[in-house]
Amino acid sequence: MKGSQLQKIVAESRLTFPVTVLYGLLLCLIGGVIQHQWWIQLACYILATYLMILLNNFHALIRIYSRAITSAFIILSGVACFIFPSLEGCIVTVGLVASLLTLFTTYQNREAAGWIYYTFLFLGVASVANIHFLVFIPIYWIMMIFINSLSLRTFIASLFGLLTPYWIWIAVVLFFYKDNLTPFTNLFQPLTEVTFFNAYGSIPLSHYLTYAFLVILAFTGIIHFLRKSYNDKIRTRQFYYSIIFFDIVVLVLLALFPQYYDLLFRPAIILTSPLIGHFIALTRTKITNIAFYLILITALLLTGFNLWTSSFIF
């Protein structure tokens, strides 16, 4: 069997996804999900994986049958195993995938106030879990321009969706703490502590290696898509252009603010998965076949290294 044929089988086989799911669950067991009782994190991980399936299916991100995007998400999540224990981060992951799913539903519909409300509602919940997530809000408005769904009506809907979780939270605080708004104001305290280029010395080698791997995968997928985008429908192109824009912004933010890796690695994984999944599913040359094997081997080695060096595991 030729290597290129094997790549095609891996990309298009219906067995690829269940095998990858078993691989992801095995990593969770090795990583200590039972010992540390990370059941909520595991549930969020499973939900995010299901939403990635819906994202691919509903919006036809790959023009052939392939689970390469969801499988890439599982594998890359395993590579960055050190972010798994964070409950806040898991909520961010689910909120981000859900927001992309509903956002792309508004393609060329400037009257889709309901879907935009839900999109920014998910973003609002994610930002309550991690207030620094608010930095992504302007990016979503720009993405709405990419997919031609931004209007005064949808912009106002986005504000209502974003503010809804905060209205609920302040109501809860007022009910339990009466006139004391400290629990609510403390939510925004981390925004006053943002600093540039101040954490490089404290970042483990595993994080640098994972970041470099994600950058290589992202730009491999970006270059491939820009060269072959004429084969995709205009709708799909606009989705990928918005994903590319978002992914580049996230990778730049990771370089500027390495101390927020727990937040920023998550969108980097989610956004890089469609790019590298598109590459793996739709390339068949000898060079791309070699790249496929290198990607797979590197992912496995890096996963093993990150599992070994994560203090919460060993």
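Reading the values: the criteria
Residues numbered from 1 in each chain as written. Predicted model: local features only at pLDDT ≥ 70, side-chain atom pairs only at ≥ 80, totals over all residues. Heavy atoms only, no water. Helix = DSSP H or I, 4+ residues; strand = E, 2+ residues; numbered from the N terminus. Rg over C-alpha atoms; globule rule 2.2 N^0.38 Å. Polar contact = N/O pair within 3.5 Å; in protein donor to acceptor, adjacent residues only side chain to side chain. Contact = heavy atoms within 4.5 Å. Axes fitted to C-alpha atoms, helices over the stretch in contact; angles between N-to-C directions. Left-handed = near helix turned anticlockwise from the far one by under 90°. Nonpolar A, V, L, I, M, F, W, Y, C, P; charged D, E, K, R; others polar. Phe/Tyr/Trp six-rings, centres within 6.5 Å; stacked < 30°, edge-to-face > 60°. Buried < 20%, exposed > 50% of the residue type's maximum accessible area, 1.4 Å probe, protein only. Lys NZ or Arg CZ within 6 Å of the ring centre and 35° of its normal. Core = buried A, V, L, I, M, F, W, Y, C linked by side-chain atoms within 4.5 Å. Expected span 1.5 Å × (residues − 1). Patch = residues over 30% accessible without salt bridge, like charges linked within 9 Å, V, L, I, M, F, W, Y side chains within 5 Å. Areas by Shrake-Rupley, 256 points an atom, 1.4 Å probe, with all protein chains shown as cover. Salt bridge = Lys/Arg side-chain N within 4 Å of Asp/Glu carboxyl O. Parallel < 35°, antiparallel > 145°, perpendicular 65-115°, else oblique.

Re the overall build of the protein chain
Argument step 1. The secondary structure content of the protein chain amounts to 13 helices and zero strands.
Argument step 2. For the protein chain, the sequential pattern of α-helices and β-strands runs α-α-α-α-α-α-α-α-α-α-α-α-α.
Argument step 3. Relative to the compact-globule value of 20 Å for 314 residues, the protein chain shows a C-alpha radius of gyration of 20 Å, a close match.
Argument step 4. Seen through its C-alpha atoms, the protein chain measures out along the principal axes to roughly 70 × 50 × 35 Å.

Thoughts on the side chain of Gln7
Argument step 1. Position of Gln7 among the secondary structure elements: in helix H1 (residues 3-12).
Argument step 2. Here the side chain of Gln7 touches Ile280 through a polar contact of 3.1 Å, landing on its backbone oxygen.
Argument step 3. Apart from residues no more than four positions distant in its own chain, Gln7 is found in contact with Phe279, Ile280, Thr283, Arg284, Thr288, Asn289 and Phe292.

Describing the packing of helix H6 (residues 113-129) against helix H8 (residues 152-177)
Argument step 1. It is at 7 Å that the axes of H6 and H8 come closest, and there the two elements cross at 35°. Crossing of H6 against H8: the hand is right-handed. Two secondary-structure elements touch here, H6 through Ala113, Ile116, Tyr117, Phe120, Leu121, Gly124, Val125, Ser127 and Val128 and H8 through Arg153, Thr154, Ala157, Ser158, Phe160, Gly161, Leu162, Thr164, Pro165 and Tyr166.
Argument step 2. A class-by-class count of the residues in the contact of H6 with H8 yields 12 nonpolar, six polar and one charged.

Side note on the packing of aromatic side chains
Argument step 1. Applying the stated criterion to the full structure yields 22 aromatic pairs.
Argument step 2. Centroid distance Tyr107 to Phe239: 5.6 Å. Interplanar angle 75°. Geometry classified as edge-to-face. Highlighted residues: Tyr107 in the loop between helix H5 (87-104) and H6 and Phe239 in helix H11 (residues 234-256), separated in sequence by 132 residues.
Argument step 3. Classification of Tyr107 by relative accessible area gives buried; the value is 14%.
Argument step 4. Both rings, one in Phe160 and one in Trp167, keep their centres 6.0 Å apart while their planes meet at 65°; by these two values the pair is edge-to-face.
Argument step 5. Over the ring of Tyr65 we find Arg14; its NZ or CZ atom is 4.2 Å from the centre of that ring.

Notes on the environment of Val128
Argument step 1. If you trace the backbone, Val128 turns up in helix H6.
Argument step 2. Note on Val128: relative accessible area 24%, which makes it partly exposed.
Argument step 3. Sequence separation between Val128 and Ile91 is 37 residues, and the spatial gap between their C-alpha atoms is 9.5 Å.

A word on the nonpolar core
Argument step 1. Ranked by internal contacts, the top residues of the largest apolar core, which has 87 residues, are Phe136 and Phe246.
Argument step 2. Leave out the neighbours within four places in its chain, and Phe246 touches Leu96, Phe136, Ile139, Tyr140, Met143 and Leu271.
Argument step 3. Ile131, Tyr166, Phe184 and Leu187 belong to the second largest nonpolar core, which has five residues in total.

So, helix H10 (residues 205-228)
Argument step 1. End to end, H10 covers 35 Å across 24 residues, agreeing with the expected 34 Å (1.5 Å per residue, within 8%).
Argument step 2. Taken as a whole, H10 has its buried residues at Ser206, His207, Thr210, Phe213, Leu214, Leu217, Ala218, Gly221, Ile222, His224 and Phe225.

Some points on a nonpolar patch on the surface
Argument step 1. On the surface, Leu152, Phe155, Ile156, Leu159, Phe160, Leu163 and Trp167 cluster together into a nonpolar patch covering about 650 Å² of accessible area.
Argument step 2. Along the polypeptide, Ile156 turns up in helix H8.
Argument step 3. You can call Ile156 partly exposed: its relative accessible area is 38%.

A short note on the packing of H10 against H11
Argument step 1. One can describe the packing of H10 onto H11 by two numbers: an axis separation of 11 Å at closest approach and a directional angle of 155°. With respect to H11, the axis of H10 lies roughly antiparallel. Note that H10 runs across H11; the crossing there is left-handed. Between H10 and H11, the contacting residues are Tyr211, Val215, Ala218, Phe219, Ile222, Phe225 and Leu226 on the first element and Thr236, Arg237, Tyr240, Tyr241, Ile244, Asp247, Ile248, Leu251, Leu254 and Ala255 on the second.
Argument step 2. Residues belonging to the contact of H10 with H11 are distributed by class as follows: 14 nonpolar, one polar and two charged.

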